[in-house]
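# Per-entry structural report
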Amino acid sequence: MSRLSFLLLLLLPGACFAQFKITGKVINMTDTKPVTNASVFLNNAQVGSTTTDDGTFTLRNVKPGKYDFIISVVGFETYTYSIQINSTDVNLGTISIIPKTFQLNEVKIRPDPNREKYYAIFRRQFLGTSENAAQCKILNSDVLDFDYDEDTHILKATSHDFMEIENRALGYRIKYKLTNFSYTNSIQLLYYEGMSSFEDLKGSDKQKRKWNKQRQFAYLGSPMHFYRSAIKGTLESENFVVRRLIRKPNPAYHGGLNNRYLQSLVNTPLQRPEFFMLTDQEGLYAIGCTDCLYVMYTKKTQDPASNVYKPIDMGDNATTIIAFDEPHAFFDSNGIVTNPHAVIYEGDWGSSRVAEMLPVDYEPVKK
């Protein structure tokens, strides 16, 4: 994600929102016995716990929104359930999880001579190259499995357990179970997804103040900020400008990263109803455009390393191009896209990585 310097006014934290709890009990589907010490958390959020000896759990301080509720424990299939938190506590009752079936086969273990090279590519793409990324560490890279296709030159990766990532820039310890990572170097196309949980690192009061400022840096101008502002109808007042980018394939294009398209930017900014839509599901929204959306955040400057099409008169505002692979991208009230395959980000958001990732329940400092 982009970086910039700005004046931060520290007033009241976002913790003043109503918060609720989620309770329940986890049992083994086979013998109905309680499952102890299972990790229970809201995906990509800062809310998590473990089951007690009788299989019960309580998740506290849950702010309203839509989440993926996760139960993960060794020897069982991962349990996922979509949950909407509105204005009351939620009791999920008794949840039965399924034991994994293991098949033992003879395995021949051979060191992969290219693993170090693959890991270097993975780390650069997954964490990024920003100042934040330089302060991030993957503490257990041995949980990663790589596969490289010599024909397509695509690097793929998964993790057979949760990666533990220490982000000293934003003050988080992240547990991340990577389910899909794909990187095509020739066209600089990256896609990754997985399950994660966040917890605050321990630090002095001074360090915590610094982390709060850095989190605010990461939030302002981010996709989360943009989508939340779209829901509230405050895009203009929160310094976003959205335009239409007309893009056609360039018949003279012969490979590489530049001149792939013939592009023209419509000067008149789009109004919110021209790309933002409500859906028939509570807490779910949509954006779409027959062309591309050209999103500028006027309170940040563009990172020189973030390559994006810019007409001469567009200045140095942080800019993202949203290209659509599906008619609409859907996102929830936390500002998280629920069908990430639908969109491709170029520019500012396209250079953002895990080093700038915030939990979905993050609330910015109020001015």
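As the structure is a computational prediction, the values presented were derived from the model and not from experiment. (Residues numbered from 1 in each chain as written. Predicted model: local features only at pLDDT ≥ 70, side-chain atom pairs only at ≥ 80, totals over all residues. Heavy atoms only, no water.)

### Topic: the overall build of the protein
- Scanning the protein from N- to C-terminus turns up 3 helices and 21 strands.
- Relative to the 2.2 N^0.38 estimate, which gives 21 Å for 367 residues, the radius of gyration of the protein is 22 Å and therefore close to what a compact globule would have.
- Each of the three principal axes of the protein carries a C-alpha extent, and together these read 65 × 55 × 45 Å.
- Looking at the 367 residues of the protein, the share that counts as buried comes to 45%.
- Accessible area of the protein: about 19800 Å², with a carbon and sulfur share of 49%.
- Looking at the protein, you have 41 positive and 40 negative side-chain charges, and the mean spots of the two groups are 6 Å apart. (Helix = DSSP H or I, 4+ residues; strand = E, 2+ residues; numbered from the N terminus. Rg over C-alpha atoms; globule rule 2.2 N^0.38 Å. Buried < 20%, exposed > 50% of the residue type's maximum accessible area, 1.4 Å probe, protein only. Areas by Shrake-Rupley, 256 points an atom, 1.4 Å probe, with all protein chains shown as cover. Lys, Arg positive; Asp, Glu negative; His and termini not counted. Charge placed at Lys NZ, Arg CZ, Asp CG, Glu CD.)

### Comments concerning empty space enclosed by the protein
- A complete count under the given rule lists 1 cavity of 30 Å³ or more for this structure.
- When its volume is computed, the largest cavity comes out at roughly 30 Å³.
- Surrounding the largest cavity, Gly221, Phe240, Val295, Met296, Tyr297, Ala318, Thr320, Asp348 and Trp349 form its lining.
- Here the lining of the largest cavity gets 3 residues from one element, more than from any other, and that element is strand S18 (residues 292–301).
- Residues belonging to the lining of the largest cavity are distributed by class as follows: 6 nonpolar, 2 polar and 1 charged. (1 Å grid on protein atoms, 1.4 Å probe; cavity = no way out; pocket = protein on both sides within 12 Å on 5 of 7 lines; lining within 4 Å. Points joined across faces, edges and corners; volume = space filled by probe spheres on them. Nonpolar A, V, L, I, M, F, W, Y, C, P; charged D, E, K, R; others polar.)

### A look at the sheet that holds S18
- Ordered by their spatial adjacency, 5 strands build an open sheet running S15-S14-S18-S19-S21, and the pairing between neighbours is antiparallel. Looking at which strands have only one partner, the edges of the open sheet turn out to be strand S15 (261–265) and strand S21 (343–347). Neighbouring strand axes in the sheet, compared pairwise and without regard to direction, differ in orientation by 30 degrees on average.
- Both strand S14 (residues 240–249) and S18 contribute to a ladder of 6 bridges, which runs antiparallel. Bridged to arginine 244 within S18 is leucine 293.
- Together, S14, S18, strand S19 (317–324) and S21 form the strand contacts of helix H3 (residues 223–232), whose direction differs from that of S14 by roughly 110 degrees. (Pairing = 2+ DSSP bridges. Axes fitted to C-alpha atoms, helices over the stretch in contact; angles between N-to-C directions. Contact = heavy atoms within 4.5 Å.)

### Some thoughts on the packing of aromatic side chains
- Using the criterion set out here, one finds 22 aromatic pairs in the structure.
- On the basis of an interplanar angle of 35 degrees and a centroid distance of 4.6 Å, the ring pair of tyrosine 227 and phenylalanine 331 is categorised as tilted. In this pair, tyrosine 227 is assigned in helix H3 and phenylalanine 331 in strand S20 (residues 329–332), connecting sequence segments 104 residues apart. Accessibility classification places tyrosine 227 together with phenylalanine 331 in one group, the buried group.
- Between phenylalanine 276 and tyrosine 285, the ring centres sit 6.0 Å apart and the planes meet at 20 degrees, which makes this aromatic pair stacked. The pair phenylalanine 276 / tyrosine 285 is uniform in exposure class, with both members buried. (Phe/Tyr/Trp six-rings, centres within 6.5 Å; stacked < 30°, edge-to-face > 60°.)

### Some points on the sheet that holds strand S4 (residues 56–62)
- The 3 strands lie next to each other as S4-S1-S7, forming an open sheet whose pairing is mixed. Strands with a single pairing partner mark the edges of an open sheet, and in this sheet they are S4 and strand S7 (90–97). Between one strand axis and the next, the sheet turns by 20 degrees as a mean value, whatever way the strands run.

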